[in-house]
Amino acid sequence: MNGHIANAVALVCAGNQFLAGKSIEGFWPGASVFNFMKLVEFRHPPASGKDADDYPLVASDPIEWFEMLKPWCNGLRLHNVKPIRGPNQQTDTPDRMLAGFVGGGQRWLIEAVGKSESEIWEAFHRLGDRNDPERRIWKCTHILQSRLLRAELDADAAPTLDDAVDRFRKALVRIETYARDEKYDNWADIFNEATDTIDAAKPTIEQGDMARFTGFDDRQAAVFEACSRAWVFGGIGSWNDLGGGERYDRVSQALYDSLNACIAALANSTFKA
């Protein structure tokens, strides 16, 4: 999956570990999802409401943010929503076709869940020094978007992991069938491998620090691997380059939608409060 999505999943899952009193020593900046991240910070919007004014810093890294949340936060949840497009950005291009570009695809929001009120945070990525000797070229600022009643967000929470995986698996089978029919065998094999990983209910490759920091069990790790395998929505050379008419659009959109839902449900399966 794209880096900014993996970042969001890792933050939610590791944050839930931290808030539950479990060790995530080495998560920042050592986790592999941060290999190319120079900065991951958290800011409030200007009190003036003017974008040109200073955004006050509230946490300079994920661990400091988790510490800040701990006195009141029960856990973290992940939400994906349709992007907001400006008047000069109206296009019939589906979100899945833009997902390989910075700022493209759906929005990923992190909910810090309190007893009765939640905070909604959104990450904004920007390119830093292209010549950074450690190749940490990306900077990420999470900005508080709003505070809402938790009950409102409970109603909009992602589906259960079981339901999301069932929908995802069905989409995988349909798109694999389409790929076989069109002789896109390399792509069909990718979709089949993702299905097999789900069915095995355990990962087929070493999960590394993702398992250590998220606390995933075998099934959760298998779902994460399947989602990573099936994320084919990138730029040049990706599934998006193929095209192919109404059936292609239908099975591609079904996979994209089910993937987004499954990723959110996976992250939220670590929310225990």
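## A short note on the sheet that holds strand β3 (residues 75-81)
In a beta sheet, neighbouring strands are held together by backbone hydrogen bonds and run either parallel or antiparallel to one another.
(1) Moving on: Taken in spatial order, the 6 strands of this open sheet run β2-β1-β6-β5-β4-β3, and their pairing is mixed. Each of the sheet's edge strands pairs with one partner strand only, and the pair in question is β2 (57-59) and β3. Here the strands of the sheet are splayed against their neighbours by 35 degrees on average, with no regard to which way each runs.
(2) Moving on: With 7 bridges connecting them, β3 and strand β4 (residues 107-113) associate as antiparallel partners. Along β4, the bridge assignment pairs H79 with L109.
(3) Moving on: This element, helix α1 (residues 3-19), spans β1 (37-43), β3, β4, β5 (117-127) and β6 (138-149) of the sheet and lies at about 160 degrees to β3.
(4) Moving on: Contacting β1, β2, β3, β4 and β5, helix α3 (residues 62-69) crosses the sheet at an angle of about 85 degrees to β2.

## Comments concerning the packing of aromatic side chains
(1) Moving on: Taken as a whole, this structure holds 20 aromatic pairs when the rule is applied.
(2) Moving on: A ring pair is formed by W28 and F34, whose centres lie 5.0 Å apart and whose planes are at 75 degrees; its orientation type is edge-to-face. Accessibility classification places W28 together with F34 in one group, the buried group.
(3) Moving on: Plain terms: the ring middles of F191 and W239 are 5.3 Å apart, the flat faces sit at 80 degrees to each other, and that makes the pair edge-to-face.

## Some words on the pairing of β1
(1) Moving on: Examined bridge by bridge, β1 and β6 share 6 bridges and lie parallel to one another. Bridge pairing in β6 places V40 opposite C140.
(2) Moving on: Pairing analysis gives 2 bridges linking β1 to β2, with the strands arranged antiparallel. In the strand pairing of β2, F42 is matched with A59.

How each quantity is defined
Residues numbered from 1 in each chain as written. Predicted model: local features only at pLDDT ≥ 70, side-chain atom pairs only at ≥ 80, totals over all residues. Heavy atoms only, no water. Pairing = 2+ DSSP bridges. Helix = DSSP H or I, 4+ residues; strand = E, 2+ residues; numbered from the N terminus. Axes fitted to C-alpha atoms, helices over the stretch in contact; angles between N-to-C directions. Contact = heavy atoms within 4.5 Å. Phe/Tyr/Trp six-rings, centres within 6.5 Å; stacked < 30°, edge-to-face > 60°. Buried < 20%, exposed > 50% of the residue type's maximum accessible area, 1.4 Å probe, protein only.

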